[in-house]
Amino acid sequence: MSNLEHADPEIASLIAREDHRQARQIRLIPSENYTSAAVMEATGSSLTNKYSEGYPNKRYYEGQEFIDQIELIAIGRAKSLFGAEHVNVQPYSGSPANLAAFVALCQPGDTIMGLSLPHGGHLTHGWSVSATGQFYKSERYEVHPETHRLDYDAIRAKALAVRPRVLIAGATAYSRQIDFAIFAEIAKECGAYLLCDIAHISGLVAGGAHPSPIPHADVVSTTTHKTLRGPRGGMLLCKELHAKAVDRAVFPGLQGGPHENVIAGLAVALKEAATPAFTAYAHAIVANAKALAERLLEHGFSLVTGGTDNHLILFDATSKGATGKEMARAMAIAGLEANANTIPFDPRKPFDPSGVRIGTPAVTSRGMGPAEMIQIADWIARVSEARQSPDSLARITTEIDTLCQQFPAPGIPV
Ligand SMILES: *Cc1c(COP(=O)(O)O)cnc(C)c1O
């Protein structure tokens, strides 16, 4: 960091403070993780200087002899890790990857159908404030009113009624496995393409801790920075049949020069994700989430769907007399980073919903296990009881600081 400290001490100091914050807080935001130092080195390399519009061996600029090799390695590793026929590693992030999938599979004005945002879907699945909800006719399905799980009979009935061009399976706040095989049946019955968005769970899929959508989907989209533990970016995986359309949609359809520095970081992350250690990591994420959920239930928390079988837990803070925002705020003061989130059929408004969303990808990257999950659940329970008391929250902060020093955050200079 010495170059940066010299050139711009203000930014250098803010980054150092952010390093410290990330190292000394317990990261429970389920979409966040810690990349390895190796991934960060590749991402912060000279590759950021290079323009590479096009695809390997079909570029518009000279000087691609090393860039092409890097992008081909990233593509090859993604194909073999996920068993995909074709992969595009250029999307800048998960949102542009989803838009590219729609551009590849349908026309403006066509109907797309995904899980409603307040029920756990993502903005880019056709929500009204997203371009995907403005360029396409958007239909939504919801979770079951009692179980709060995906209701495949209702999804089938709605899909047959509205006949979407693209059916979307995937979520940003859903704590159960998604049955991609049933989604594929429904898509076939109603004549839709199936887009599976595994932004949150791609690391679980890679590590064998969640069934893969690859055999079932026309196109799979994902971020690279959530459970997959790569640099911030996006990726599209598809059948050979859609390869040309997907590539054309990403470039020149939506993007210009790809971020080859990020693609190099992704290549490194994909190599890491192909190791037995990563398989163990993916399973440990789920085991930790189950341990955390069980202890929260013992403390009387109400969990959406009653628990979890992935990396994520959604709890109803109003079961502890707090709003989601009050609870998330108090947790943050104590040193437990989470986010307020709507719960299905939430009676409260989206900017101050009833729920809090937590997850275990980041704490598992630090090497924490079930014993630490019990400790974290106990802290969350104490926060809920003492959220008005700065002294009690400060005592929890001290305890959290001790635990964080026992489990250093990967990739972060101490
Ligand atoms: C996070 C997420 C995205 C968007 O990814 P960004 O990188 O934030 O653009 C898309 N879909 C789902 C399901 C997500 O959880």
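Throughout this description, residue numbers start from 1 for each chain and increase along the sequence as written. Per-residue local features of the predicted model are confined to residues with pLDDT of at least 70, and side-chain atom pairs are confined, for both listing and counting, to 80 or more; whole-chain, interface and lining totals are unaffected and use all residues. Water and hydrogen atoms were dropped before computing side-chain values, which therefore reflect all heavy atoms in the structure.

On to the domain arrangement of the protein chain. For the protein chain, the assigned domains are domain 1 (40–273) and domain 2 (279–406). Distance from the C-alpha centre of domain 1 to the C-alpha centre of domain 2: 28 Å. Contacts between domain 1 and domain 2 engage 25 residues on the former and 24 residues on the latter. What gets called buried area is simply the loss in accessible area from a 1.4 Å probe that two parts show on being joined, summed for both. Counting the surface lost from both domain 1 and domain 2, the interface buries some 2,000 Å², and carbon and sulfur atoms represent 55% of this. For domain 1, the biggest contributors to the area lost against domain 2 are Ser 175, Arg 176 and Arg 229; these three give 27% of the whole. Any pair of nitrogen or oxygen atoms within 3.5 Å is treated as a polar contact; in protein, a donor-acceptor pairing is required on top of that, and neighbouring residues in sequence qualify only through side-chain atoms on both sides. On inspection of domain 1 and its partner domain 2, the count reaches 14 residue pairs in polar contact (both at pLDDT 80 or more). When grouped by side-chain class, the residues that make up the side of domain 1 that touches domain 2 number nine nonpolar, twelve polar and four charged. Residue ranges labeled as domains rest on an automatic or database domain assignment. By definition in these notes, contact holds between two residues if any of their heavy atoms fall within 4.5 Å. Throughout, the ten residues Ala, Val, Leu, Ile, Met, Phe, Trp, Tyr, Cys and Pro are labelled nonpolar, Asp, Glu, Lys and Arg are labelled charged, and all others, Gly among them, are labelled polar.

Here we take up the sheet that holds strand β5 (residues 111–115). Spatially, β4-β10-β9-β8-β7-β5-β6 is the arrangement adopted by the seven strands of the open sheet, whose pairing is mixed. Two strands bound the open sheet, and with one partner strand each, they are β4 (86–88) and β6 (137–141). Between one strand and the next, the sheet's axes are offset by a mean angle of 20°, whatever the strand orientation. In this description, strands pair whenever DSSP reports at least two bridges between them. Only DSSP runs of H or I with at least four residues qualify as helices, and only runs of E with at least two residues qualify as strands; both kinds are numbered from the N terminus onward. Summarising the sheet, β5 and β6 pair through five bridges and their orientation is parallel. Axes here mean lines fitted to C-alpha atoms, for a helix over just the part in contact, with angles spanning 0 to 180 degrees between N-to-C directions.

Taken together, 13 residues lie around the ligand, and Ser 93, Ser 95, Thr 172, Asp 197 and Lys 226 are the ones closest in. The separation between an oxygen atom of the ligand and a polar side-chain atom of Ser 95 is 2.6 Å. Thr 172 places a side-chain nitrogen or oxygen 2.8 Å from an oxygen atom of the ligand. Relative to its free-state accessible area of 380 Å², the ligand is covered by the protein chains to the extent of 87%. It is helix α5 (residues 94–105) that contributes the most residues to the shell around the ligand, three residues altogether. The criterion for a residue being near a molecule or strand is simple. One of its heavy atoms has to lie within 4 Å of it. Here, Shrake-Rupley sampling with a 1.4 Å probe gives the accessible areas, and only protein chains in the shown set may cover a residue.

Secondary-structure assignment places Glu 53 in the loop between α3 (37–43) and β2 (54–55). Here's how the labels work: a residue is buried when its accessible area is under 20% of the maximum for its type, exposed when over 50%, partly exposed in between, all with a 1.4 Å probe on protein chains only. None of His or the chain ends enter the tally, which takes Lys and Arg as positive and Asp and Glu as negative. Salt bridge criterion: a side-chain nitrogen from Lys or Arg within 4 Å of a carboxyl oxygen from Asp or Glu. Despite being buried, Glu 53 has no salt bridge partner; Arg 59 is the closest side chain of opposite charge, sitting 9.5 Å away. Discounting residues that sit within four places of it in the chain, Glu 53 has contacts with Lys 58, Arg 59, Tyr 60, Tyr 61, Phe 251, Gly 256, Gly 257 and Pro 258.

Another point: the sheet that holds strand β14 (residues 339–341). One open sheet holds the four strands; their spatial order is β11-β12-β15-β14, and the pairing between them is antiparallel. In this open sheet, the two edge strands, each paired with only one partner strand, are β11 (302–303) and β14. Bridge count for strand β12 (residues 312–316) against strand β15 (residues 355–359) is five bridges, and the pairing is antiparallel. Across the sheet, residue Phe 315 finds its bridge partner in β15, namely Val 356. Against the sheet, helix α12 (residues 276–298) contacts β11, β12 and β15, and its axis sits at roughly 15° relative to β12. Contacts from helix α13 (residues 324–334) reach β12, β14 and β15 within the one sheet, and its direction differs from that of β15 by about 40°.

Let's shift gears to the environment of His 200. By the element assignment, His 200 lies in the loop between β8 (193–197) and α9 (202–206). When its relative accessible area of 2% is taken as the criterion, His 200 is described as buried. Placed 30 residues apart in sequence, His 200 and Gly 230 show a C-alpha to C-alpha distance of 12 Å. Of the polar contacts made by the side chain of His 200, one reaches the side chain of His 311; its length is 2.9 Å.

In this section: the side chain of Thr 124. Its place among the elements puts Thr 124 in the loop between β5 and α6 (131–135). Only 2.7 Å separates the side chain of Thr 124 from the side chain of His 122, close enough to count as a polar contact.

Turning our eyes to something else, we now look at the pattern of salt bridges. The final tally for this structure, using the stated rule, is 18 salt bridges. The shortest N-O distance in the salt bridge between Glu 139 and Lys 137 comes to 3.0 Å. Residue class for Glu 139 comes out buried when judged on its relative accessible area of 17%. A salt bridge links Arg 295 to Asp 378; the shortest N-O distance between them is 2.8 Å. Taken together, the positions of Arg 295 in helix α12 and Asp 378 in helix α15 (residues 370–385) put the pair 83 residues apart, joining distant regions of the chain. Via salt bridges that share partners, Arg 59, Asp 68, Glu 71 and Glu 260 belong to a single interconnected network.

Nine residue types can take part in a nonpolar core, namely buried Ala, Val, Leu, Ile, Met, Phe, Trp, Tyr and Cys, and a core is a set of them joined through side-chain atoms within 4.5 Å. Counting 52 residues, the largest nonpolar core has Phe 82, Leu 150, Leu 167, Phe 183 and Met 235 as the members making the most contacts within it. In terms of nonpolar packing, the next biggest core, distinct from the first, is built from 35 residues, Leu 28, Phe 301, Leu 393 and Ile 396 among them.

Turning next to the packing of aromatic side chains. Centre distance and the angle of the planes are the two values used to describe a pair of aromatic rings. Pairing of aromatic side chains here covers Phe, Tyr and the six-membered ring of Trp, requires ring centres within 6.5 Å, and sorts the geometry by plane angle: under 30 degrees stacked, over 60 edge-to-face, intermediate tilted. Under the criterion given, the structure shown has eight aromatic pairs. On the numbers, 6.5 Å between centres and 75° between planes, the contact of Tyr 55 with Phe 251 is edge-to-face. Taken as a pair, Tyr 55 in strand β2 and Phe 251 in helix α10 (residues 243–254) lie far apart in primary sequence, 196 residues in all. Both residues of the pair, Tyr 55 and Phe 251, belong to the buried class. Ring plane angle 80° and centroid distance 5.7 Å describe the contact between Tyr 152 and Phe 183, whose orientation is recorded as edge-to-face. Here Tyr 152, found in helix α7 (residues 152–162), pairs with Phe 183, found in helix α8 (residues 180–190); they are 31 residues apart in sequence, far enough to count as distant.

The subject of this paragraph is the pairing of β12. With five of five residues buried, β12 lies mostly within the body of the structure. Side chains Leu 312, Leu 314 and Asp 316 project from β12 onto one buried face, and the interleaved Ile 313 and Phe 315 project onto a second face that is buried too.

This part is about the pairing of strand β9 (residues 219–223). Among the five residues of β9, five are classified as buried, and the element is accordingly described as predominantly covered. Across the two faces of β9 the burial is the same, with Val 219, Ser 221 and Thr 223 and Val 220 and Thr 222 all buried. Sheet topology places β8 next to β9; three bridges connect them, and they run parallel. Bridge pairing links Asp 197 to Ser 221 in β9.

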